[in-house]
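Working through the structure, step by step
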Amino acid sequence: MEDLQANIRSLKGVGPKKEQRFLKLNIETLEDLLYHFPRGYEDRREIKKIREVEEGEKTSLELQVHPLKTRRAFGKGPSLLQLVGKDDTGSMVITFFNQPYLSQRITPGTKMRIYGEVKRGPRGLETANPDFILLGDKGENSWQEIFPIYPLTKDVSHKELVKLIRMLLKGIKERAEENFENLPNPLIEENKLCRRRMALEHIHFPQKAKGLKVAKYRLVYEEFFFLMITLNFKKAKVLEQQGTPLQGGKEVQNYLETLPFQATEAQKTVIGEILGDLKGSAPMSRLVQGDVGSGKTVVAMAALVAAAAGNTQGAMMAPTEILAKQHYKTLSHFLEPLGISIGLLTGSLTPKKKKRMQEEIRRGTIDVVVGTHAVIGDKVEFRNLSLVITDEQHRFGVRQRKTLSGKGKNPHVLVMSATPIPRTLAYILYGDLEVSVIDQMPKGRKPVKTQAAEMKGRDRVYEQIKEELNKGRQAYVVCPLIEESETLDLNAAMDLQEQLQGNMLKDYKVGLLHGKMSYIEKEQIMKDFTDGKIQVLVSTTVVEVGVDVPNATVMVIENAERFGLAQLHQLRGRIGRGQHQSYCYLLHQKVKEPTRRRLEIMEQSHDGFEISQKDLEIRGPGELFGLRQHGIYNLKIANFFQHQKILQKVQQDVKKILLEDPGLELEKNRKLRGIIDQKLQRYRD
Ligand SMILES: Nc1ncnc2c1ncn2[C@@H]1O[C@H](COP(=O)(O)OP(=O)(O)OP(=O)(O)O)[C@@H](O)[C@H]1O
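Treat the numbers as computed from the prediction; the structure is a model and nothing was measured. (Residues numbered from 1 in each chain as written. Predicted model: local features only at pLDDT ≥ 70, side-chain atom pairs only at ≥ 80, totals over all residues. Heavy atoms only, no water.)

So, the overall build of the protein chain
Secondary structure assignment for the protein chain yields 24 helices and 23 strands. Residues counted as buried form 53% of the 685 residues belonging to the protein chain. Considering only contacts in the protein chain between residues 6 or more positions apart, those separated by 24 or more positions represent 72%. Of the roughly 33,200 Å² that the protein chain leaves accessible, carbon and sulfur atoms contribute 49%. (Helix = DSSP H or I, 4+ residues; strand = E, 2+ residues; numbered from the N terminus. Buried < 20%, exposed > 50% of the residue type's maximum accessible area, 1.4 Å probe, protein only. Contact = heavy atoms within 4.5 Å. Areas by Shrake-Rupley, 256 points an atom, 1.4 Å probe, with all protein chains shown as cover.)

The structure is reproduced here in structure tokens:
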């Protein structure tokens with residue numbers, strides 16, 4: 001087993017240079033190479049006659065070679081070997097570029113099987129550089145009827161990849177099957193899975209469609225299995241730890257009564273789930289999912305109240321300073337009257353203030369710290385941290401989260417996510433967390449009226465915005481990230497602001513907010529916007545416009561076609577937060593399906609869960625969970641959406657194993673444990 005973790009340099013013919021090229025395909029170890037699966041297959045089984053071939057078609061043909069010639073085309077151009085191939089229905093020209101040595105092998109009278117794209121040229125049908133074998137030759141067996149198509153880079157050729165995979169598989173064939181198998185035997189039998197070796201052989205070099213299907217099934221199962229068991233094993237480990245049990249039900253009840261509104265049933269349920277976790281001896285690991293504006297902060301605050309009630313400290317991390325400051329304000333407003341002291345710790349504090357804050361955290365005079373990354377800085381020591389709240393939507397790395405957790409004695413962890421995903425999927429993707437869902441909006445919210453409009457209707461859109469501005473409302477204009485370049489991004493935003501201020505919106509104050517501003521500048525702009533001194537805020541998405549300005553009722557998203565649905569929904573959530581009707585305009589270039597469909601979904605739906613479900617159907621989870629597609633989540637063959645049935649079975653199987661042996665300590669699970677440890681180590685999760 002272990003040697004599959006060896007670097008691919010252990011293969012004959014792979015040196016440092018090749019290693020670098022393979023790294024670009026994320027192939028580092030022998031196992032990576034074996035699991036570099038074809039992204040599709042060409043069916044080359046049917047052998048056509050020349051007369052049956054259609055122009056532009058890729059097909060297999062069996063031909064006999066007639067006189068040929070080698071020549072150099074156009075002076076120094078590539079060498080050409082041209083020959084005429086015939087069958088009993090006609091003839092065609094076959095050209096090989098830059099392979100003059102082939103004239104030694106392909107001689108008149110040779111019979112060959114080719115596969116290539118057939119076109120019509122001046123001399124009739126022709127094909128260039130087809131794949132071929134010589135019939136009657138010893139290479140005849142290497143013909144692949146179902147031909148794999150691999151993801152490649154320009155530095156790694158199909159031929160090279162196939163050669164290495166073949167070599168590796170050959171080595172494996174010589175080993176005892178049980179040694180190579182990585183799934184527990186009972187699972188293989190119960191699920192009628194084929195063996196790992198066979199699966200890998202067939203996925204790369206399928207002989208028959210059926211074999212391929214069986215191989216795929218096994219590999220999908222295997223991939224899900226290791227993902228699920230690793231995540232669930234991690235969760236089981238957490239449950240073994242000793243946390244800080246917190247009571248606080250009474251205090252939380254009291255807090256809910258001080259709110260100026262009635263908590264929704266959904267909020268109450270989730271708070272109940274959290275309190276249940278906090279009471280336990282094991283630390284909580286819970287994800288709270290809620291649509292934009294569903295009132296997650298209210299829920300987070302309840303947990304903080306419980307932490308303070310137990311005479312311990314809580315920490316809440318936000319991805320940006322603006323958001324940290326906003327949370328700080330909200331928390332101070334609601335919690336200080338209850339005698340809970342709140343501190344703000346961000347990178348932009350003066351060294352003196354920072355030091356003072358750190359001192360207070362250390363002494364424990366601060367109950368709840370809100371901040372950015374600064375909260376996990378080396379110098380921050382807590383007196384007795386029992387609860388950490390982070391924001392999954394902005395993806396603090398797992399490791400950062402860990403660092404913060406390391407600051408207390410196994411503190412409870414609450415992760416807030418505003419990217420709603422279907423519940424079943426959330427259970428899977430966050431297999432290491434319990435999942436709560438706030439599936440109800442506070443009363444009285446009016447859905448944002450959303451309209452997609454092509455660029456040519458842009459002026460009309462801005463006219464409508466003026467109407468709202470004239471009523472005293474405010475607006476956001478969002479411009480998209482360009483090719484992930486912050487500088488270009490910034491230029492586009494600046495141009496847009498100038499253009500709007502200079503022309504269409506010249507009678508209004510148009511402000512600009514972008515990622516390269518200093519915190520002080522950003523804060524000033526946000527304050528001016530909140531105070532109504534700025535009426536229209538042009539912003540890039542680099543800046544998380546996570547601000548609650550209920551008077552802002554209009555949003556224009558420029559080039560909306562470049563955003564994912566989940567992101568559009570997030571952005572739109574910035575409006576519709578007050579009592580007035582809000583409007584969102586999605587300006588876009590001319591678009592085709594499926595983008596058109598995506599924009600339509602935004603017009604029709606206001607439910608984040610429904611939107612993400614649709615996004616999933618249209619684009620697949622890869623896009624939706626972009627950032628989750630790394631390390632252990634990087635699925636190569638399994639698809640959460642397509643293979644839900646297999647996934648459900650895997651979940652059952654994993655549960656059964658861990659129920660019997662939560663720590664995977666039994667002898668029969670030893671090998672499994674080894675593989676999981678290896679995975680956890682490799683992805684440092
Ligand atoms: N039960 C409720 N009834 C009425 N208003 C509520 C309720 N819960 C929260 N709110 C208010 O709704 C607004 C949005 O709440 P909050 O900021 O907690 O939402 P959120 O889920 O964090 O949203 P987002 O992801 O958009 O930031 C706040 O102004 C909050 O005071």
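Considerations on the sheet that holds strand β13 (residues 342-345)
Taken in spatial order, the seven strands of this open sheet run β13-β14-β12-β15-β16-β11-β17, and their pairing is parallel. Pairing within the sheet leaves two strands with one partner each, and these edge strands are β13 and β17 (434-438). Across the sheet, the mean angle from the axis of one strand to that of its neighbour is 20°, orientation sign disregarded. Where strand β11 (residues 285-290) meets strand β16 (residues 412-417), five bridges bridge the pair, whose relative direction is parallel. In the sheet register, Leu287 faces β16, and the bridge partner there is Val415. Relative to strand β15 (residues 385-391), helix α11 (residues 296-309) is tilted by about 170°, and along the sheet it contacts β11, β12 (313-317), β14 (368-371), β15, β16 and β17. Across the sheet, helix α13 (residues 351-363) touches β12, β13 and β14, and the angle it forms with β13 is around 135°. (Pairing = 2+ DSSP bridges. Axes fitted to C-alpha atoms, helices over the stretch in contact; angles between N-to-C directions.)

Some details on the packing of aromatic side chains
By the definition in use, this model includes five aromatic pairs. A centroid spacing of 6.2 Å and a plane angle of 10° characterise the contact between Tyr221 and Phe225, whose relative ring orientation is stacked. Remark: Phe225 and Tyr221 occur in helix α8 (residues 209-240); sequence separation between them is four residues, near one turn of the helix. Assigned by exposure class, Tyr221 and Phe225 land together as buried. Between the aromatic rings of Tyr476 and Phe529, the centroid separation amounts to 5.1 Å while the plane-to-plane angle is 55°, which identifies the pairing as tilted. Linking Tyr476 in strand β19 (residues 474-479) with Phe529 in helix α18 (residues 519-530), this pair joins segments that are 53 residues apart in sequence. Side by side, Tyr476 and Phe529 carry an identical accessibility label, which is buried. (Phe/Tyr/Trp six-rings, centres within 6.5 Å; stacked < 30°, edge-to-face > 60°.)

Topic: the domain arrangement of the protein chain
Accessible area lost when the parts come together is the quantity often used to give the size of an interface. Under the domain assignment, the protein chain is made up of domain 1 (1-44 + 144-175), domain 2 (51-142), domain 3 (249-438) and domain 4 (449-605). The interface of domain 3 with domain 4 comprises 14 residues on the first partner and 15 residues on the second. Note on domain 3 versus domain 4: buried area summed over both sides is about 1,200 Å², and carbon and sulfur give 61% of it. The largest contributions to the domain 3 side of the interface with domain 4 come from Val292, Ile322 and Gln326, which together make up 44% of the buried area. The interface formed by domain 3 and domain 4 holds one salt bridge in total. Put simply, Lys325 and Glu523 hold a salt bridge, and the shortest N to O gap is 2.4 Å. (Domains from an automatic or database assignment. Buried area = accessible area lost by both parts, 1.4 Å probe. Salt bridge = Lys/Arg side-chain N within 4 Å of Asp/Glu carboxyl O.)

Here's the deal with a positive patch on the surface
A contiguous patch of positive charge on the surface is contributed by Lys12, Lys159, Lys163 and Lys170. You can see Lys12 is positioned in the segment before α1 (16-23). Overall, the relative accessible area of 73% leaves Lys12 in the exposed class. (Patch = residues over 30% accessible without salt bridge, like charges linked within 9 Å, V, L, I, M, F, W, Y side chains within 5 Å. Lys, Arg positive; Asp, Glu negative; His and termini not counted. Charge placed at Lys NZ, Arg CZ, Asp CG, Glu CD.)

A closer look at the site of the ligand
Taken together, the neighbourhood of the ligand is formed by 19 residues, with Gly293, Lys296, Thr297, Arg445 and Arg577 sitting nearest. Lys296 places a polar main-chain atom, nitrogen or oxygen, 2.9 Å from an oxygen atom of the ligand. Take Arg445: an N or O atom from its side chain is 2.7 Å from an oxygen atom of the ligand. When the free accessible area of the ligand is taken as 630 Å², the share hidden by the protein chains comes to 80%. For the shell around the ligand, the leading source of residues is α11, giving three residues. Its residues assigned to classes, the shell around the ligand comprises six nonpolar, seven polar and six charged. The two domains that each donate at least three residues to the shell around the ligand are domain 3 (249-438) and domain 4 (449-605). (Near = heavy atom within 4 Å. Polar contact = N/O pair within 3.5 Å; in protein donor to acceptor, adjacent residues only side chain to side chain. Nonpolar A, V, L, I, M, F, W, Y, C, P; charged D, E, K, R; others polar.)

A closer look at the pattern of salt bridges
One pass over the structure, following the stated rule, counts 35 salt bridges. Here Arg45 and Asp43 are joined by a salt bridge, their closest N and O atoms 2.7 Å apart. A salt bridge links Lys456 to Glu454, with the shortest nitrogen-to-oxygen separation between them at 3.8 Å. The structure contains a network of salt bridges with shared partners spanning Glu42, Arg44, Lys58 and Asp131.

Some remarks on the packing of helix α12 (residues 321-335) against α18
The N-to-C vectors of α12 and α18 enclose an angle of 55°; their axes lie 10 Å apart at closest approach. As judged from the angle between their axes, α12 and α18 are oblique. Viewed along their axes, α12 and α18 form a crossing whose handedness is right-handed. Counted together, Glu321, Ile322 and Lys325 of α12 and Tyr519, Lys522, Glu523 and Met526 of α18 form the full contact between these two elements. (Parallel < 35°, antiparallel > 145°, perpendicular 65-115°, else oblique. Left-handed = near helix turned anticlockwise from the far one by under 90°.)

What about the packing of helix α10 (residues 265-279) against α11?
Close contact between α10 and α11 brings their axes to 10 Å; oriented N to C, the two are set at 30°. The orientation of α10 relative to α11 falls into the category roughly parallel. In terms of crossing hand, the pair formed by α10 and α11 is right-handed. Across the interface between the two elements, Gln267, Val270, Ile271, Ile274, Leu275 and Leu278 from α10 touch Val298, Val299, Ala302, Ala303 and Ala306 from α11. Among the residues making up the contact of α10 with α11, the classes are represented as 10 nonpolar, one polar and no charged.

Digging into the confidence of the model for the protein chain
For the protein chain, the mean per-residue pLDDT works out to 85, and 89% of the residues sit at or above 70. Predicted confidence is poor over residues 622-630, with pLDDT under 50, and the contacts of this stretch with residues over four places away or in other chains come to 19 contacts. Here the prediction assigns the complex a pTM of 0.70, and the interface score ipTM is 0.97. (pLDDT = per-residue confidence, 0-100.)

Some thoughts on the side chain of Arg44
Here Arg44 lies in the loop between β1 (40-43) and β2 (47-48). Dropping the residues within four chain positions of it, Arg44 is found in contact with Ser60, Tyr115, Asp131, Trp143, Gln144, Glu145 and Phe147.

Some words on α10
When the terminal C-alpha atoms of α10 are compared, their 21 Å separation across 15 residues agrees well with the 21 Å that a helix rising 1.5 Å per residue should span. Tucked into the core, α10 has its buried residues touching α9 (249-258), β11, α11, β16 and β17. (Expected span 1.5 Å × (residues − 1).)

Looking at helix α23 (residues 644-660)
Structurally, the α-helix is built with 3.6 residues per turn, so residues lying three or four positions apart point the same way. In a regular helix each residue adds 1.5 Å, so 17 residues correspond to 24 Å; α23 covers 25 Å between its end C-alpha atoms and thus fits that length. Of the positions making up α23, those classed as buried are Ile646, Leu647, Val650, Asp653, Val654, Ile657 and Leu658. On an axial view of α23, the arc spanned by its buried residues comes to 130°, and they lie on one face. Away from its buried face by more than 90 degrees, α23 exposes Lys645, Gln652, Lys655, Lys656 and Leu659. (Arc of directions from axis to C-beta.)

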